[in-house]
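Summary of structural features
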Amino acid sequence: IVSISLATNLFYNTTLNAIMSHGLLFSLYSILIYFTQKYFENPSNKKAILIGLVAGLISLTRMTELYCLLIPLLWGIDSISDRIRYFIQNFNHLLVALIAFIIPFIPQIVYWKYFTGDWIHNGYVGETFNFKNPIQIYRGLFSFDNGWLIWSPIMILSIVGLFYVRKKA
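The notes below deal with the structure included here. No experiment lies behind these values; they were computed from the predicted model shown. (Residues numbered from 1 in each chain as written. Predicted model: local features only at pLDDT ≥ 70, side-chain atom pairs only at ≥ 80, totals over all residues. Heavy atoms only, no water.)

1. Things to note about the overall build of the protein chain
A count of helices and strands for the protein chain gives eleven helices and zero strands. Taken from the N to the C terminus, the helices and strands of the protein chain come in the order α-α-α-α-α-α-α-α-α-α-α. Dimensions of the protein chain along its principal axes, counting C-alpha atoms only, are 50 × 45 × 35 Å. At a minimum sequence separation of 6, the contacts of the protein chain that also span at least 24 residues come to 53%. A total accessible area of about 12300 Å² is found for the protein chain, and carbon and sulfur atoms account for 69% of it. With 12 positive and 7 negative side-chain charges, the protein chain shows a spacing of 6 Å between the two charge centroids. (Helix = DSSP H or I, 4+ residues; strand = E, 2+ residues; numbered from the N terminus. Contact = heavy atoms within 4.5 Å. Areas by Shrake-Rupley, 256 points an atom, 1.4 Å probe, with all protein chains shown as cover. Lys, Arg positive; Asp, Glu negative; His and termini not counted. Charge placed at Lys NZ, Arg CZ, Asp CG, Glu CD.)

2. Structural notes on the layout of surface pockets
Its volume calculated, the second largest pocket comes out at about 280 Å³. For the second largest pocket, the lining is made up of 15 residues, of which Ile51, Pro72, Leu73, Leu94 and Ala97 are closest to its centre. When contributions to the lining of the second largest pocket are tallied by element, the ones reaching two or more residues are helix 3 (22-41), helix 4 (45-61), helix 5 (70-74) and helix 7 (91-102). Per-element accounting of the lining of the second largest pocket gives the leading share, five residues, to helix 7. (1 Å grid on protein atoms, 1.4 Å probe; cavity = no way out; pocket = protein on both sides within 12 Å on 5 of 7 lines; lining within 4 Å. Points joined across faces, edges and corners; volume = space filled by probe spheres on them.)

3. Observations regarding the packing of aromatic side chains
This structure, assessed with the given rule, holds ten aromatic pairs. Geometrically, the ring pair formed by Tyr111 and Phe115 is tilted, given 4.7 Å between the ring centres and 50° between the ring planes. With Tyr111 and Phe115 both in helix 8 (residues 105-116), this residue pair falls four residues apart, about one helical turn. When the centroid spacing of 5.2 Å and the interplanar angle of 45° are considered together, the rings of Tyr138 and Phe142 count as tilted. Of the two residues, Tyr138 and Phe142 both sit in helix 9 (residues 134-142), four residues apart, roughly one turn of that helix. Feature note: the residues Tyr39, Phe40, Tyr86 and Phe87 constitute an aromatic cluster, connected by ring pairs. (Phe/Tyr/Trp six-rings, centres within 6.5 Å; stacked < 30°, edge-to-face > 60°.)

4. Structural notes on helix 3
Counted at 1.5 Å a residue, the expected span for helix 3 with its 20 residues is 28 Å, and the 29 Å between its end C-alpha atoms agrees. Within helix 3, burial applies to Gly23, Leu25, Leu28, Tyr29, Leu32, Thr36 and Tyr39. Lining the buried residues of helix 3 we find helix 2 (10-15), helix 4, helix 5, helix 6 (80-89) and helix 7. (Expected span 1.5 Å × (residues − 1). Buried < 20%, exposed > 50% of the residue type's maximum accessible area, 1.4 Å probe, protein only.)

5. Structural notes on the packing of helix 3 against helix 4
The contact between helix 3 and helix 4 brings their axes to 9 Å, and the two run at 155°. When the axis of helix 3 is compared with that of helix 4, the two are roughly antiparallel. Here the hand of the crossing between helix 3 and helix 4 comes out left-handed. Contacts from Leu24, Leu25, Leu28, Tyr29, Ile31, Leu32, Phe35, Thr36, Lys38 and Tyr39 of helix 3 reach helix 4 at Lys47, Ala48, Leu50, Ile51, Val54, Ala55, Leu57, Ile58 and Thr61. Looking at the contact of helix 3 with helix 4 residue by residue, the class counts come to 15 nonpolar, two polar and two charged. (Axes fitted to C-alpha atoms, helices over the stretch in contact; angles between N-to-C directions. Parallel < 35°, antiparallel > 145°, perpendicular 65-115°, else oblique. Left-handed = near helix turned anticlockwise from the far one by under 90°. Nonpolar A, V, L, I, M, F, W, Y, C, P; charged D, E, K, R; others polar.)

6. Quick look at the side chain of Ser21
Relative to the elements of secondary structure, Ser21 occurs in the loop between helix 2 and helix 3. Take Ser21: its relative accessible area is 15%, and that puts it in the buried class.

7. Overview of the pattern of salt bridges
Within this structure, the stated rule accounts for three salt bridges. The residue Glu41 makes a salt bridge to Lys38 at a minimum N-O spacing of 3.6 Å. Here Lys38 and Glu41 lie together in helix 3, a separation of three residues that amounts to about one turn. For Asp82, the salt bridge identified is with Arg85, shortest N-O distance 2.5 Å. Within this pair, Asp82 and its partner Arg85 are both found in helix 6, separated by three residues, close to a single helical turn. (Salt bridge = Lys/Arg side-chain N within 4 Å of Asp/Glu carboxyl O.)

In C-alpha cells form, the structure reads like this:
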C-alpha cells in the first residue's frame, strides 16, 4: 500500500487534485475490502449493511465502478456453486446489503429527476471505451494523456507478478 501510495499518482490526486474522485475511490475501495474480509471471517447483518453502503457509495461516485460488487461476491471463492449455496443460506445478509446499496442512490435519483426530468442521468456522455479497439487499449495503458502504466509505472510489477501467482496458484 505504501508503494502504491508513493509510486503512483494517488498522492497527487489526494492533495493537489483532491476535487477528482480518485482519492475518495481509493479510500472507499480500501474500506470495502476491509469489511468484505471481516464479513467472511464472521458474517453478520451489520457487516453486510456496511458492505452494501460502501459499494453503493463507490457506484454512486462513478457508475462505471459497479464492478466493485465483484469484490464481496467473489471474495475467497472456491466454486460458483458453493458461493451460490452460501448466498442462498445467508439470503438475509444479501438482502440487507442490497437495500444498503440502494440507500445512497435515493437522494441522487431524486436530484436527477428534479433537475433533468430523468430518473437516471449519465454524467459521462461522450466518454466511451471500446475494448475491441486495440488502439484504445494501447492508449489506455501507455498514453501520456491518461495512460495507466505511464502514470503508475509501479503497476508493471503487479502485471508481471500475476504470471508468477498464476504458476503457484
